[in-house]
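Reading the structure
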Amino acid sequence: MPQNDKIKKRISDLIDQIRTHDYNYYILAESKISDYEYDLLYQELKQLETEYPEFIKPDSPTQRVGSDLTKDFPSVQHTTPMLSLSNSYDEQDLYDFDKRIKNMLKTSDEIEYVAELKIDGVSLSIKYENGFFSKAATRGDGFFGEEVTNNVKTIKSIPLKVNSKNHKIPATFEVRGEVYMEIEEFKKFNEIRAIEGLKLFANPRNSSAGTLKLQDPKQVAKRPLDIFVYYLLSEERKFDSQFSNLEYLKEIGFKINPHSKLCKNIDEVIEFCRYWNKGRAKLPYETDGIVVKVNKINLQEKLGNIAKSPRWAIAYKFAAQKTITKLLDITWQVGRTGAVTPVAELEPVLLAGSTISRATLHNRDEIQRKDVRIGDSVYLEKGGDVIPKIVEVELSKRPADSKPTEMPQKCPVCGNKLFFPENEVAVYCVNIECPAQIKGQIEHFASRGAMDIEGLGKSLVDLFVDMKFLNSYTDIYFLKNIRNKLITLERFGEKSIDNLLNAIEKSKERTFDKVLFALGIRFVGAGVAKKLANEFKDIDVIKKTSVDKFEQVNEIGPSIAKSLVSFFSNSKNNENIEKLKQVGLNFKIEASKKENNIFSGFTFVLTGTLAKFTREEAKQIIEDLGGKVTSSVSAKTTYVLAGENAGSKLDKAKNLGVQILNEEQFIKRLG
Ligand code: IVH
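Each residue is numbered by its place in its chain's sequence as written, counting from 1. Only residues with pLDDT of 70 or above have their local features reported here, since the model is predicted, and side-chain atom pairs are shown and tallied only from 80 upward, although totals for entire chains, interfaces and linings are computed over all residues. The side-chain numbers reported here are obtained from all heavy atoms of the structure, hydrogens and water having been left aside.

**Things to note about the pattern of salt bridges**
Pairing is possible between side chains that carry opposite charge, provided their charged atoms lie close to one another. Spelled out, the test is: Salt bridges are counted wherever a side-chain nitrogen of Lys or Arg sits within 4 Å of a carboxyl oxygen of Asp or Glu. Labels follow the DSSP assignment, with helices taken as runs of H or I lasting at least four residues and strands as runs of E lasting at least two, numbered in each case from the N terminus. Note on exposure labels: buried denotes an accessible area under 20% of the residue type's maximum, exposed denotes more than 50%, and partly exposed covers the range between, all computed with a 1.4 Å probe on protein chains only.
Applying the stated criterion across every chain, the model contains 40 salt bridges. Here Asp 371 ties to Arg 398 by a salt bridge, and the two come within 3.0 Å at their closest N and O atoms. With Asp 371 in the loop between α11 (364-370) and β15 (377-382) and Arg 398 in the loop between β16 (389-393) and β17 (418-419), this residue pair connects regions lying 27 residues apart in the sequence. Salt-bridge contacts for Glu 505 lead to Lys 480; the nearest nitrogen and oxygen are separated by 3.4 Å. Of the two residues, Glu 505 is situated in helix α15 (residues 494-506) and Lys 480 in the loop between α13 (458-466) and α14 (483-486); the sequence distance between them amounts to 25 residues. Judged by its relative accessible area of 31%, Glu 505 is partly exposed. Among the charged side chains, a salt-bridge network with shared partners connects Asp 371, Arg 373, Asp 376 and Arg 398.

Spelled out as C-alpha cells, the structure:
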C-alpha cells in the first residue's frame, strides 16, 4: 500500500475507534478503555491531521469544535414545522384524548401509543446528508429557527456520522430531540459560575438554551449539554411506527431515552404516567410530563395536525413536584393594602425547573398551624405555574433549640405600631405614608392588567419613591415636569426617560375599567372593575352608590360593596381621582366604545384551546364588543367559539343547533 493510503487508512481506523468509544461512553455510559488509552488515540489522530490536513474528514472527532466564532445565528425555515403539543393534566383528559382519536379514526379498536418522558429542555432539529451531520437549528417560532450547527456539533452524544453497518440510511433525513443538562452537571456548572462571579442560571433548561446561543463553540464544548432524540423525518423512507423509529434511531447511533414504552392501549399509558409521576424524582434530568403519541405512522397521518400541534399526540403534565429545603429565616413583607405577611427565606433549591429561595407563608395562622420554625427542614411543593408553597415540616430534622416565631409588633418598613384586627388573621400597618404601601400601590397602578405603563416596574418604583419623585400614583403623570432631574439619574439616559414618559402619556388611553382596577380598591380585581364599569359607566355614579345598591349587582357581595363605599368616603382618594381626571384619564365608558358593539346582545360560550388567544383574552374581546360570555351551552347561546380539543360543550351545541364558530371565523368577525 502506498504511504499516503496507509495514512488515510490509519486516520479512518482511528476515527472509527474513537467513534465506538464515544458511543460507548456518551450513549451507553459504559467505557471500555481508560482515559489514558483514549487520549493516546485522540492525540495520534490529531498529530496525523496536523501533518496531513488534506486527509481531515468531516466526521473526525477533532472537527467537533471549530475555532470560528459565530457572529449571528442565521434564520432557517424548518422543512416541516416544529409543532408543540396540547396539554392534559389528569387521567380523564387522557381518556378523552383516546376517545377523540377513536372517533376521528371511526374505530372502537384499541389504539397503540408510545409513552415517552417529556424532557424539560430545548428542542432541536438536526439534518443529516449521506449519513453525515449537516445542520442543526433551534425550534424558534416553530416555522423559522436559528441555525446553531457549530454549537450542536460539540455535543458528543450526537453522531457526526451515523452507523450504517447493517442499516439502510436515507440520503437525507432529519431528527428532532431535546437538548438538556443533567441536574447534577447543571449544579456543578452553576457552582463554578458562582465562584467566577458570573450570573447563575435559574434551571437546567435556561442553561441549555443559553449555551446553544453562545458565540464560541469552544465554550459550548465545555458545558455539559446532552440530547435525547425522539423524532425521525425523511421523505424517502416510509416509516411504520414511532416505536420502531426510536429503535432504528438507537441502532444507527443516536441517544434515545431508555424509558419510552409501547403501550397496547390508553390504560397502559395511564399506568406509565402514574409510575413516572413518582419515579421522575429519581431521574438525573428534569421531566415535566409524559408525551403520548399514536404509534402507527399511517394513523398519525390520517389524524393530521391542527394549527400548532398534532392531533395524534398530547402532553400529560405532571402534578405538583415536591422537594425539601431549609428555612433560613422568616421576614415580613408589607403589601399595598398595608397587610403584613410572612415570607419564608429558604436555602435555594431546584424545584420544577426553577431555583426557589422564597415562599409566602400567607399569615400568622398559617405559621402556627404548620408550626413552621426558623431552622426547620420544610417540604416545598409546586405544580405547573403555581407559586411554590410550604406544605409541611419534617419534624425529625427539627433542631433541638428551635422556638416558634414571634409576630413583629412594629411595621418592618416604617416602624409604625401594627394593627391586629379582631377576627382576622391579617395584620396591618395603618400608616398611609408607609413607603412599602406607597410602592405597592404605585406598582399595582402601573402593572400589566391596570395602566400597563411599560418600564415602570418594581425597581424603578422603589427608586422613585425613595428619591421622593413619587409619593402617590397621581405623581406619575407629573414626572414629565421633572424630566431634567430624571435624565441626570445615573442609570438612565435621555432616551430611556423619554420612553418612560411616552409610556406614561400612552397609558391615559386605558379604558375606564382598567383605571378603576388601577386605583387598588380592596377586593376590586380586574373582573369586578369591569363589571362596575359596565354597570355604572361613570365614576361619579359609583361614588354616590350605597352598599345596598352595589349588592344588587350580580357577583358583588357585601365585602366588595363595603370596601367600595369606604374607599370613596376617604377624601384623599377623591382628591387623587380629581387629579387623575384633570390629567385626562378615563373615568367614564367612552362613547366611541359604546358604538362598536358588534356583539351586543350575543351570548358566547368558549370551549377548547384557541391558538391565538387565551380564554381570558377571547372573553375580554367579546365583552369589549358588547357581547356576553357564559359557561354553559343552552338554547340562549348565540355562538359557541370552539378551539382545538373542544369537548362536550361542542357536542351540546351541535345537538341544540347553536351556531359554532372556529377561531378563524371568529377572527374574521372581528374584522
Ligand atoms: S414530540 C409533534 N417528544 O415538548 C411532536 N416532544 O410541547 C412534538 N419534548 O417542543 C414533539 N420531550 O421540546 C416530543 N419525548 C418528547 C419530548 C418532547 C420533550 C418537548 C419538545 C416540544 C415540547 C412539546
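**Considering the site of the ligand**
Inclusion rule: Here a residue counts as near a molecule or strand whenever at least one of its heavy atoms sits within 4 Å of it. Side-chain atoms alone can form a polar contact between residues adjacent in sequence; in general such a contact is a pair of N or O atoms within 3.5 Å, and within protein one must be able to donate a hydrogen while the other accepts it. By the convention adopted, Pro, Cys, Tyr, Trp, Phe, Met, Ile, Leu, Val and Ala count as nonpolar, Lys, Arg, Asp and Glu as charged, and the other residues, Gly among them, as polar.
In the vicinity of the ligand, the residues found are Leu 83, Leu 85, Glu 116, Leu 117, Lys 118, Ile 119, Ser 123, Glu 178, Tyr 230, Val 291, Lys 293 and Pro 310. Measuring from a nitrogen atom of the ligand, one finds a side-chain N or O atom of Lys 293 at 3.0 Å. Per element, the largest residue contribution to the shell around the ligand is four residues, and it comes from strand β3 (residues 113-119). Its residues assigned to classes, the shell around the ligand comprises seven nonpolar, one polar and four charged.

**Overview of the environment of Lys 531**
Applied cut-off: By definition in these notes, contact holds between two residues if any of their heavy atoms fall within 4.5 Å.
With respect to the helices, strands and loops of the structure, Lys 531 is situated in helix α17 (residues 526-536). Taking the C-alpha atoms as reference points, Lys 531 and Asp 35, separated by 496 residues in sequence, lie 70 Å from one another. Once residues lying within four places of it in the same chain are set aside, the contact partners of Lys 531 are Val 553, Asn 554 and Glu 555.

**Notes on the packing of helix α3 (residues 91-105) against helix α9 (residues 266-279)**
The cut-off we apply is this: To obtain an axis, a line is fitted to C-alpha atoms, over the contacting stretch when the element is a helix, and the angle between two such axes runs from 0 to 180 degrees between their N-to-C directions. Roughly parallel here means an angle under 35 degrees, roughly antiparallel means over 145, roughly perpendicular means 65 to 115, and every remaining angle is called oblique. Helix crossings get a hand from a simple test, with the near helix turned counterclockwise from the far one by less than a right angle marking a left-handed crossing and a clockwise turn marking a right-handed one.
At a minimum axis distance of 10 Å, the contact between α3 and α9 shows a crossing angle of 155 degrees. It follows that α3 is roughly antiparallel to α9 by the angle criterion. Crossing of α3 against α9: the hand is right-handed. Residues Glu 91, Leu 94, Tyr 95, Phe 97 and Asp 98 of α3 form the contact with α9, whose own contacting residues are Ile 266, Asp 267, Val 269, Ile 270, Cys 273 and Arg 274. Here the contact of α3 with α9 is composed, by residue class, of seven nonpolar, no polar and four charged.

**Re the sheet that holds strand β8 (residues 226-233)**
For the record, the criterion: Following DSSP output, two strands are said to pair if at least two bridges run between them.
The strand order β5-β4-β7-β8 describes an open sheet built from four strands, whose pairing is antiparallel. Whereas interior strands pair on both sides, the edge strands pair on one side only; in this sheet they are β5 (132-138) and β8. Here the strands of the sheet are splayed against their neighbours by 30 degrees on average, with no regard to which way each runs. In terms of strand pairing, strand β4 (residues 122-129) meets β5 through six bridges, oriented antiparallel. Its bridge partner lying in β5, Leu 124 is registered against Thr 138. Its contacts with the sheet put helix α6 (residues 204-212) on β4 and β7 (172-180), and the angle it makes with β4 is roughly 40 degrees.

**Side note on the packing of aromatic side chains**
Given two aromatic rings, one states the distance between the centres and the angle between the planes to describe the pair. Going by this rule: Each pair of aromatic rings taken from Phe, Tyr and Trp, with Trp reduced to its six-membered ring, is defined by centres within 6.5 Å and is described as stacked if the planes are under 30 degrees apart, edge-to-face if over 60, and tilted in the remaining cases.
With the rule as written, the count across this model stands at 28 aromatic pairs. Each ring, one from Phe 613 and one from Phe 666, has its centre 5.9 Å from the other, and the planes form 85 degrees; the classification is edge-to-face. Within this pair, whereas Phe 613 is found in the loop between β19 (603-607) and α23 (615-624), its partner Phe 666 is found in helix α25 (residues 663-670), the two being separated by 53 residues in sequence. Summarising the burial analysis for this pair, Phe 613 and Phe 666 share the class buried. Members of the aromatic cluster, connected to one another through ring pairs, are Phe 599, Phe 602, Phe 604, Phe 613, Tyr 639 and Phe 666.

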